[in-house]
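Architecture and fold: a report
As a plain string of letters, each chain reads:
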Amino acid sequence: MEIFWNTIAQYNLATWPIQIVITLAGIVLTTLLYRRPTLCVKRSMKVYLILLNGWISAVYYLMYCDTRSYNYILAIFWAVIALIWLWDLCTDYTPFERNPRYKVLVGILYAMPFCYPLLSWMRGMEFPYTTTTVMPCSVAVFSIGLLLAFSRKVNLLVILFLCHWALIAFSKVYVYQIPEDLLLASATVPAIYLFFKNYFDQNLHCETKPSARFMNWFLIVICVIIGLALSITLFYGICR
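Here we summarise the structure given alongside this text. Just so you know, these numbers come straight off a predicted model, no measurement behind them.

Right, let's get into the layout of surface pockets. One water molecule sets the probe size; rolling that probe over the atoms shows where empty space is left. Space inside the second largest pocket adds up to approximately 270 Å³. Lining the second largest pocket are 16 residues, and of these T23, G26, I27, F114 and F142 sit closest to its centre. Broken down by secondary-structure element, the contributors of at least two residues to the lining of the second largest pocket are helix 1 (2-35), helix 2 (39-64), helix 4 (103-122) and helix 5 (136-149). Looking at the lining of the second largest pocket element by element, the count peaks at seven residues for helix 1.

Below, the structure is given as structure tokens:
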């Protein structure tokens, strides 16, 4: 655990000015995507996501987390997400078409990257030993919120990778004592359901095996199981 927090401290001390620039760029591009969703803005957001995920892979994991176990595996994980966005940029698969149905959840997801450092401070952590807006879980929750806001057609491969990462957060809560990661894990449960429900709704008219309706109910059961696991995790953490 000491190695984990030391790598975070080194990363923050060395990169905090760049992290501010990256965060501001994300805010500007997200605002433009809402107000002026031109083709140029949409492509710029995809370039941003390529660079953002590439940053997590190359800078965070390869450069500053080299003393952690399995850092190369995690670097590959985020590099794959960056490559998926590169493919998306070339094929224009994700059109970033606004879906206003999930405004409340999207707003919560957008706020969560800024809640990470606040929660760190609230539980007595001081900079540089704090989570920030440009770390894996913060990037994951921002990406999930962005895709949910523009979910008329999304790249489900990105969603699967991000949701997989969110579920990994369960183990980190106790191994590294990061209760902040419960934010990402809990928010992912409804997000998983909404992403796939939206996909199934669009394909209800298609004949698939299993049927879209069956998969919808199957997804509900899976999300309930995940939700119960999260509740047990929270209860266990409170009772400790």
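Note that I56 resides in helix 2. Overall, the relative accessible area of 0% leaves I56 in the buried class. Sequence separation of I56 and P136 is 80 residues, and the distance between their C-alpha atoms is 6.4 Å. If near-sequence neighbours (up to four positions away) are discounted, I56 is found in contact with Y61, W78, V134, M135, P136 and V139.

Turning our eyes to something else, we now look at the pattern of salt bridges. Within the structure shown, the criterion is met by two salt bridges. Across the pair K46 and D88 runs a salt bridge, and its minimum N-O distance is 2.8 Å. In this pair, K46 is assigned in helix 2 and D88 in helix 3 (residues 71-91), connecting sequence segments 42 residues apart. In this pair, the class of K46 matches that of D88, namely buried. With a closest N to O distance of 3.2 Å, K46 and D92 form a salt bridge. You can see K46 sitting in helix 2 and its partner D92 sitting in the loop between helix 3 and helix 4, a full 46 residues away along the chain.

This paragraph deals with helix 5. Here helix 5 spans 20 Å end to end across 14 residues, near enough to the 20 Å set by a 1.5 Å rise per residue. Most of helix 5 sits out of view: 14 of its 14 residues are buried.

Each value, and the rule that gives it
Residues numbered from 1 in each chain as written. Predicted model: local features only at pLDDT ≥ 70, side-chain atom pairs only at ≥ 80, totals over all residues. Heavy atoms only, no water. 1 Å grid on protein atoms, 1.4 Å probe; cavity = no way out; pocket = protein on both sides within 12 Å on 5 of 7 lines; lining within 4 Å. Points joined across faces, edges and corners; volume = space filled by probe spheres on them. Helix = DSSP H or I, 4+ residues; strand = E, 2+ residues; numbered from the N terminus. Buried < 20%, exposed > 50% of the residue type's maximum accessible area, 1.4 Å probe, protein only. Contact = heavy atoms within 4.5 Å. Salt bridge = Lys/Arg side-chain N within 4 Å of Asp/Glu carboxyl O. Expected span 1.5 Å × (residues − 1).

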